[in-house]
Amino acid sequence: MIRNRQNCLKALVFSSITMLFVTNTWALDLIRKKKSTERKLYITVTKKDRCPVCGMFVHPYHKWITQIQFKDGSHHSFDGIKCMCRLYFNPEKFDPAKKKKDIKRVLVRDYYTLKFIRHDTAFYVVGSDVFGPMGHELIPFDSEKNAGVFLTDHNGLKILRFNQIKPELLDKLDKSKKTVNLE
Ligand SMILES: [Zn+2]
């Protein structure tokens, strides 16, 4: 009887461990699949691609590249988050053929890993001492933890989600001189 119970317990422990392993492997596979798909989603820029907002070539600033892709298969690439947001908020101003509802996907680049991630999953550090090609920038990270590390290391002021970024904030970043003033 006791031996039976022991065997039963062993079987239970073994099956739990197997289940845990299978679930973990499955979850890891899912994460890997998601990451590799998003890398593939990025459309490589050419040396001729210019930012539709400021007119600069985007190729030299590959670390800062962000991209808006449209439902018709076209896309715009930008030399930073600020420029991307300007078009995102008001597409017609920079490309009369496009409307906000035409946007299919927005990709930003994690500052540490340079992986492309969806704009609404990123954490943005504002007010740091790291400048982008167009001055003060919003710096994207794929986790709140990494955004926090960067904020501490580079005297950042705040961590924002995409829906907290407003045109007025972009104006404040553009107007700020050496340090960012959010007042
Ligand atoms: Zn630009």
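Residues numbered from 1 in each chain as written. Predicted model: local features only at pLDDT ≥ 70, side-chain atom pairs only at ≥ 80, totals over all residues.

Student: For this particular structure, what's the right way to read the confidence of the model for the protein chain?
Tutor: Low-pLDDT stretches of the model should not have their predicted coordinates read in fine detail. Summing up the model confidence of the protein chain, the mean pLDDT is 88 and the portion of residues at 70 or higher is 79%. Put simply, helix 1 (residues 2–41) is where the protein chain has its lowest mean pLDDT, 62, and helix 4 (residues 144–153) is where it has its highest, 98. (pLDDT = per-residue confidence, 0-100. Helix = DSSP H or I, 4+ residues; strand = E, 2+ residues; numbered from the N terminus.)

Student: How should the sheet that holds strand 6 (residues 135–141) be read in this particular structure?
Tutor: Sheets are built from strands paired through backbone hydrogen bonds, the pairs being either parallel or antiparallel. With antiparallel pairing, three strands are arranged side by side in an open sheet as 6-5-7. Two strands close off the open sheet at either side, each with one partner strand: strand 6 and strand 7 (158–160). In this sheet, neighbouring strand axes are inclined to one another by 45° on average, regardless of whether the strands run parallel or antiparallel. The sheet contact formed by strand 5 (residues 123–132) and strand 7 spans three bridges and is antiparallel. Bridged to V125 within strand 7 is I159. (Pairing = 2+ DSSP bridges. Axes fitted to C-alpha atoms, helices over the stretch in contact; angles between N-to-C directions.)

Student: Mind showing me how you'd approach the pairing of strand 1 (residues 66–70) here?
Tutor: Note that strand 1 and strand 2 (residues 75–78) share four bridges and pair antiparallel. Bridge pairing links Q67 to S77 in strand 2. Remark: four residues form the turn of the hairpin made by strand 1 and strand 2, two consecutive strands paired antiparallel; G73 in that turn has positive phi of roughly 95°. Across four bridges, the pairing between strand 1 and strand 3 (residues 103–109) is antiparallel.

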